[in-house]
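Here is what each chain is made of, one letter per residue.
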Amino acid sequence: MFRVAGIGILFAALCLPLVWQGAAAQGVNPYAGQPRAVLAGGALFRAQCATCHGADGKGILSIDAPDLSLMWARDGVNDEYVFSVVRDGIPGSIMPPHGLRETELWMLVAFMATLAEGGGDAEFSGDAGNGRRLFAANCSECHRAGAEAGGVLGPVLTGVTRRRSPEALMQSIREPSGRIERGFRPVTVETGAGEAVTGVLKNEDAFSLQLVTEDQDLRAFGRDAVRQVARLGESLMPVFGEADLDDDELADLLAFLHGSQ
Ligand code: HEC
Ligand code: HEC
């Protein structure tokens, strides 16, 4: 299986023009959007990455391997960031460094870029005024959007409709635990003193970790004070089913979010 993928990659690489040398230095993917590079990158991905990130790149929650279709919407994530994460790995996690050739790394980046969800040109025909009221009543406890005041437990939703499709957003609202973005993973930290604090994990390294707690305080814990970190499978965002918000109301919410800037 690995062998077959390897031959495919070699074949695709031979067909590609050798344009990367100059551009690579600036961190721009020379193969961006090139169908053959995307294909070869996909083969590499299935051979080397799918065991952890899933064949569709949507991540595997139980081992904390993130959904790679979501990362592109995060601030600071671009081709160069993804390239260096794949090459160097993420210290302190099971994400390993990969000793691949530069060409192969860029082909992987080209493939992963096709996983990004965009909602750019979608139509948002809901009633934004009603959406604003629904947002204030149901969502602002944890989210901010545009000029609306709000909480910080969930991500800022300003401009989210330009990064993710309406279908994907509806899914996130109906089934929040289906995919949880890095920086918002739910955990319970138990301290040596017997305290248990639940929140979303912001940062962790060998010495400390930081959460935004359910009560929306930023808390930092030294590793030596932590007895256990339990990763929770359920998002801290409540499920909004049809009975809470029907499809028309969701359309109104998305129209409001689309107008927020
Ligand atoms: C052994 C499991 C494993 C393998 C194999 C693996 N990854 Fe990862 N990867 C992870 C984990 C876990 C993380 C999250 C680490 C963290 O955030 O602490 C991660 C993070 C990433 C990130 C950063 C995501 C973000 O949101 O910033 C990228 C990009 C990535 N992996 C791409 C790849 C690619 C491409 C491959 C194959 C060449 C690969 N990974 C192979 C486990 C793996
Ligand atoms: C109690 C807190 C809380 C409430 C209330 C809440 N959310 Fe969330 N939301 C979160 C958290 C935490 C996340 C990140 C984890 C996840 O994706 O489930 C999140 C994630 C999301 C995402 C995915 C964001 C992205 O960048 O992909 C969307 C969309 C969203 N919420 C919309 C809403 C809407 C719309 C409402 C109101 C109807 C709402 N949320 C109410 C906490 C909340």
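Chains are numbered independently. Their residues run from 1 in the order of the written sequence. Lettering of chains starts at A and numbering of ligands starts at 1, both following the order in which they are written. Since the coordinates come from a predicted model, pLDDT governs what is reported: local features require at least 70, and pairs of side-chain atoms require 80 or more to be given and counted, while whole-chain, interface and lining totals use all residues.

Take the overall build of the protein next. Starting at the N terminus, helices and strands are each numbered in turn, a helix being any DSSP run of H or I of at least four residues and a strand any DSSP run of E of at least two. Within the protein, the regular secondary structure consists of ten helices and five strands. Note on contacts: residues are paired as contacts if their backbone-placed C-beta atoms lie within 7 Å. Once local pairs closer than 6 in sequence are excluded, the contacts in the protein between residues at least 24 apart make up 62%.

Around ligand 1, the surrounding shell holds 21 residues, and the nearest of these are Cys49, Cys52, Met71, Ser93 and Met95. Breaking the shell around ligand 1 down by element, the ones donating at least two residues are α4 (50-53) and α5 (79-88). Throughout, the ten residues Ala, Val, Leu, Ile, Met, Phe, Trp, Tyr, Cys and Pro are labelled nonpolar, Asp, Glu, Lys and Arg are labelled charged, and all others, Gly among them, are labelled polar. When its residues are assigned to classes, the shell around ligand 1 shows 14 nonpolar, five polar and two charged. A residue counts as near a molecule or strand when its C-beta atom, positioned from the backbone, falls within 6 Å of it.

Here we take up the confidence of the model for the protein. What pLDDT conveys is the predictor's confidence in a given residue, as a value from 0 to 100. This prediction gives the protein a mean pLDDT of 86; 88% of its residues lie at or above 70. Here residues 1-8 is a poorly scored stretch, pLDDT under 50, and it has seven contacts once near neighbours within four places are set aside; other chains count. Low pLDDT (under 50) marks residues 10-25, which in the prediction has 20 contacts with non-local residues, meaning those over four places away or in another chain.

Turning our attention to the site of ligand 2. Close to ligand 2 lie 27 residues; Cys139, Cys142, Gly154, Ser235 and Met237 are nearest. When residues in the shell around ligand 2 are grouped by element, the largest group, three residues, is from helix α9 (residues 166-174). Here the shell around ligand 2 is built from residues that sort into 19 nonpolar, five polar and three charged.

Quick look at the pairing of strand β3 (residues 208-213) now. For strand β2 (residues 196-204) and β3, the ladder comprises five bridges, and the chain directions are antiparallel. The residue bridging glutamate 204 from the neighbouring strand is leucine 209, located in β3. Pairs of strands are assigned from DSSP output, requiring at least two bridges between the strands. Linking two consecutive strands that pair antiparallel, namely β2 and β3, is a turn of three residues. Turn length for the β3-strand β4 (residues 218-222) hairpin, with the two strands adjacent in sequence and antiparallel, is four residues, and the turn residue glutamine 216 shows positive phi of about 65°.

Turning to helix α6 (residues 102-113), a few remarks are in order. Under the convention used throughout, the expected extent of a helix is 1.5 Å for every residue step, that is, one less than its residue count. For α6, with twelve residues, the first-to-last C-alpha span of 16 Å sits near the 16 Å given by 1.5 Å per residue. For α6, a buried count of ten out of twelve residues is recorded, marking the element as mostly surrounded by other parts of the structure. Among the residues making up α6, those that are buried are Thr103, Glu104, Leu105, Trp106, Met107, Leu108, Val109, Ala110, Phe111 and Met112. Put plainly, a residue is buried at 20 or more neighbouring C-beta atoms within 10 Å of its own, exposed at 12 or fewer, and partly exposed in between, counting only other residues' C-beta atoms, which are placed from the backbone.

Let us now look at the packing of helix α3 (residues 35-48) against α6. At a minimum axis distance of 7 Å, the contact between α3 and α6 shows a crossing angle of 100°. Overall, the two elements α3 and α6 adopt an arrangement that is roughly perpendicular. Side by side, α3 and α6 meet where Ala37, Val38, Ala40, Gly41, Gly42, Leu44 and Phe45 of the first sit next to Glu104, Met107, Leu108, Ala110 and Phe111 of the second. Each residue belonging to the contact of α3 with α6 can be placed in one class, and the counts come to nine nonpolar, two polar and one charged. As a rule, the C-alpha atoms of each element are fitted with a line to give its axis, helices using only the stretch in contact, and angles between N-to-C directions run from 0 to 180 degrees. Roughly parallel refers to an angle under 35 degrees, roughly antiparallel to one over 145, roughly perpendicular to one between 65 and 115, and oblique to any angle outside these ranges.

A few words now on α5. All of the buried residues along α5 are Asp79, Val82, Phe83 and Val86. Viewed end-on, α5 has its buried residues packed into an arc of 105°, placing them on one side of the element. Exposed side chains of α5 directed beyond 90 degrees from the buried face belong to Ser84 and Asp88. Summarising the contacts, the buried residues of α5 are in contact with α6. In the stretch just after α5, glycine 89 is the one whose phi turns positive, near 75°. Taking the helix axis as origin, the arc is that swept by the directions to the C-beta atoms.

Positioned with a positive phi, aspartate 64 is a non-glycine residue whose angle comes to about 65°. Of note, aspartate 64 is situated in the loop between α4 and α5. Even without a glycine there, the phi angle at glutamine 216 is positive, about 65°. Take glutamine 216: it is sitting in the loop between β3 and β4.

This brings us to the sheet that holds strand β5 (residues 226-231). Pairing within the open sheet is antiparallel, and its five strands lie in the order β4-β3-β2-β1-β5. Every interior strand has two partners, whereas the edge strands, β4 and β5, have only one. Adjacent strand axes in the sheet meet at a mean angle of 45°, parallel and antiparallel pairs treated alike. Where strand β1 (residues 185-191) meets β2, six bridges bridge the pair, whose relative direction is antiparallel. For valine 187, the partnering residue across the bridge sits in β2 and is glycine 199.

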